[in-house]
Amino acid sequence: MAISNLKILIRGGGELASATACRLAESHFRVVMTETARPEAVRRKVSFCEAIYDKMKCIEGKTCHLVANMPAVFGCWAKGDLALIVDPAASIIETLQPDVVIDAIIAKRNIGTRISDAPLVIGLGIGFVAGKDVHVVIETNRGHDLGRVIREGMAEPDTGHPGIIAGYGKERVFRAPKDGVFCTAKNIGDMVTAGDVVACVDSEPVTALIPGIIRGLLRDGTPVTKGVKAGDIDPRANPNYCESISDKGRAIAGGVLEAILARYNKE
């Protein structure tokens with residue numbers, strides 16, 4: 001089989017799944033993504049799962065279409081585009097018979113991916129054991145090993161702390177103060193200062209802790225539980241960063257591409 005004919009299925013359509021999908025599509029692989037019926041991405045500008053609400057989503061020149069069946073998936077591939085289908089259990093694996101399955105849900109646990117799903121199965125981050133649940137694990141923790149291909153064992157434990165950007169870590173993230181409905185007062189790309197109200201959960205305000213630009217924000221009207229991440233602020237205040245893949249996403253996508261080429265690009 002020509003390497004360009006590989007069928008790649010990505011479970012998940014959020015930020016890191018989409019960074020991976022973009023890298024693979026740019027490398028001329030055929031990609032289909034599976035998602036839940038109501039995804040809750042924070043970095044919505046760079047998440048292909050937004051196609052579920054808007055029918056299509058473009059990220060850095062790559063277009064993903066919401067489709068309903070396998071013929072439509074092949075139709076997207078014929079145009080050089082990506083496809084996304086509502087299929088949280090990834091049941092299309094049986095019909096598609098993909099050459100590569102990538103679990104990019106970032107659930108921090110394995111919620112159904114099996115090493116038998118494809119000749120090459122890749123898991124992003126914690127929750128997988130290379131050689132048992134998947135063939136390969138990609139390190140997702142920021143630091144020296146970010147994007148490393150792990151062929152035996154597990155990724156590093158979750159730190160529980162957001163990455164540091166311009167000296168800020170947990171202050172960048174705002175979380176739901178209670179269970180309820182998240183209602184936005186600002187939009188992705190808006191500049192804020194510390195103390196500004198960016199949203200509310202029912203009647204309780206959610207305020208910015210630092211100045212910067214809103215880089216990620218849940219959709220207006222999203223049901224939330226107390227403590228869930230609802231958005232983030234980039235203190236660098238560069239509008240271009242809101243709509244471009246992060247350095248973390250690119251590093252992880254590079255690890256995935258390496259794993260695929262190591263398996264299939266053999267003489």
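What counts, and where the lines are drawn
Residues numbered from 1 in each chain as written. Predicted model: local features only at pLDDT ≥ 70, side-chain atom pairs only at ≥ 80, totals over all residues. Heavy atoms only, no water. Helix = DSSP H or I, 4+ residues; strand = E, 2+ residues; numbered from the N terminus. Rg over C-alpha atoms; globule rule 2.2 N^0.38 Å. Buried < 20%, exposed > 50% of the residue type's maximum accessible area, 1.4 Å probe, protein only. Contact = heavy atoms within 4.5 Å. Areas by Shrake-Rupley, 256 points an atom, 1.4 Å probe, with all protein chains shown as cover. Lys, Arg positive; Asp, Glu negative; His and termini not counted. Charge placed at Lys NZ, Arg CZ, Asp CG, Glu CD. Pairing = 2+ DSSP bridges. Right-handed = clockwise from strand over helix to strand, strands pointing away. Salt bridge = Lys/Arg side-chain N within 4 Å of Asp/Glu carboxyl O. Polar contact = N/O pair within 3.5 Å; in protein donor to acceptor, adjacent residues only side chain to side chain. Axes fitted to C-alpha atoms, helices over the stretch in contact; angles between N-to-C directions. Core = buried A, V, L, I, M, F, W, Y, C linked by side-chain atoms within 4.5 Å.

What's the story with the overall build of the chain in this structure? I'm lost.
When helices and strands are tallied, the chain shows five helices and 17 strands. Against the globule reference of 18 Å for 267 residues, the chain gives a C-alpha radius of gyration of 18 Å, in line with a compact fold. With respect to the principal axes defined by its C-alpha atoms, the chain has extents near 60 × 40 × 30 Å. Taking all 267 residues of the chain together, the buried fraction comes to 49%. Intrachain contacts of the chain at a sequence separation of at least 6 include 53% that bridge at least 24 residues. When the accessible area of the chain is evaluated, it comes to approximately 12200 Å², of which 50% is carbon and sulfur surface. Between the centroid of the 33 positive side chains of the chain and the centroid of its 32 negative side chains there is a distance of 1 Å.

Would you take a moment to explain the pairing of strand E4 (residues 62-67) for this structure?
Regular strands have side chains that alternate between both faces of the sheet. In terms of burial, E4 is largely enclosed, as five of its six residues are buried. Counting the residues in the hairpin turn of strand E3 (residues 56-59) and E4 gives two residues, including glutamate 60, whose phi is positive at 50°. Across four bridges, the pairing between E4 and strand E5 (residues 82-86) is parallel. Note on E5: the bridge partner recorded for valine 67 is isoleucine 85. Chirality of the crossover, the property in question, places the unit of E4, helix H3 (residues 70-78) and E5 among those that are right-handed.

Looking at this model, I keep getting lost on the side chain of glutamate 139. Mind explaining?
Its place among the elements puts glutamate 139 in the loop between strand E8 (136-138) and strand E9 (149-150). Buried charged residue glutamate 139 carries no salt bridge. Nearest counter-charge: arginine 148, at 5.1 Å. At 2.8 Å, the side chain of glutamate 139 forms a polar contact with the backbone nitrogen of glutamate 156.

I tried to follow the sheet that holds E3 on my own but got confused; where do I start?
Working definition: the strands of a sheet are paired by backbone hydrogen bonds and lie parallel or antiparallel to each other. Judged by pairing direction, the sheet is mixed, and its nine strands sit side by side in the order E3-E4-E5-E2-E1-E6-E7-E8-E9 without closing on themselves. Pairing within the sheet leaves two strands with one partner each, and these edge strands are E3 and E9. In terms of strand pairing, E3 meets E4 through four bridges, oriented antiparallel. Looking across to E4, one finds that lysine 57 is bridged to cysteine 64. Strands strand E1 (7-11), strand E2 (30-35), E3, E4, E5, strand E6 (100-103) and strand E7 (120-124) of the sheet are contacted by helix H1 (residues 15-26), whose axis makes an angle of about 165° with E2. Contacts from helix H5 (residues 247-264) reach E1, E6, E7, E8 and E9, with the element oriented near 165° to E7.

Hey, could you run me through the environment of valine 101 in this one?
By secondary structure assignment, the location of valine 101 is in strand E6. Judged by its relative accessible area of 0%, valine 101 falls in the buried class. Linking valine 101 and methionine 33, residues 68 residues apart in sequence, is a C-alpha distance of 9.8 Å. Filtering out sequence-adjacent residues up to four positions away, valine 101 remains in contact with Leu9, Ile93, Asp117, Ala118, Leu120, Val121 and Ile122.

Would you explain the nonpolar core in this entry?
Nonpolar side chains in soluble globular proteins generally cluster together in the buried interior. Ranked by internal contacts, the top residues of the largest apolar core, which has 35 residues, are Ile8, Ile10, Leu24, Ile102, Ile122 and Ile260. Elements with a minimum of two residues in this core: E1, H1, E2, E5, E6, E7, E8 and H5. Apart from residues lying up to four places away in sequence, isoleucine 102 is in contact with Ile8, Leu9, Ile10, Arg11, Thr20, Leu24, Ile122, Leu124 and Val256.

I'm lost on the pattern of salt bridges in this one. Help?
Side-chain pairs of opposite charge can arise where the charged atoms are in close proximity. Overall, the coordinates contain 14 salt bridges when judged by the stated rule. A salt bridge links arginine 219 to aspartate 54, with the nearest nitrogen and oxygen atoms 3.4 Å apart. Linking arginine 219 in the loop between strand E15 (212-217) and strand E16 (222-224) with aspartate 54 in helix H2 (residues 51-54), this pair joins segments that are 165 residues apart in sequence. A residue is classified by how much of its surface remains accessible, and aspartate 54, at 44% relative accessible area, is partly exposed. The residue aspartate 158 makes a salt bridge to lysine 108 at a minimum N-O spacing of 2.8 Å. Residue aspartate 158 is located in the loop between E9 and strand E10 (173-175), and its partner lysine 108 is located in the loop between E6 and E7; the two are separated by 50 residues in the primary sequence. With a relative accessible area of 47%, lysine 108 lands in the partly exposed category. Connected via shared salt-bridge partners are Arg44, Glu50, Asp54 and Arg219.

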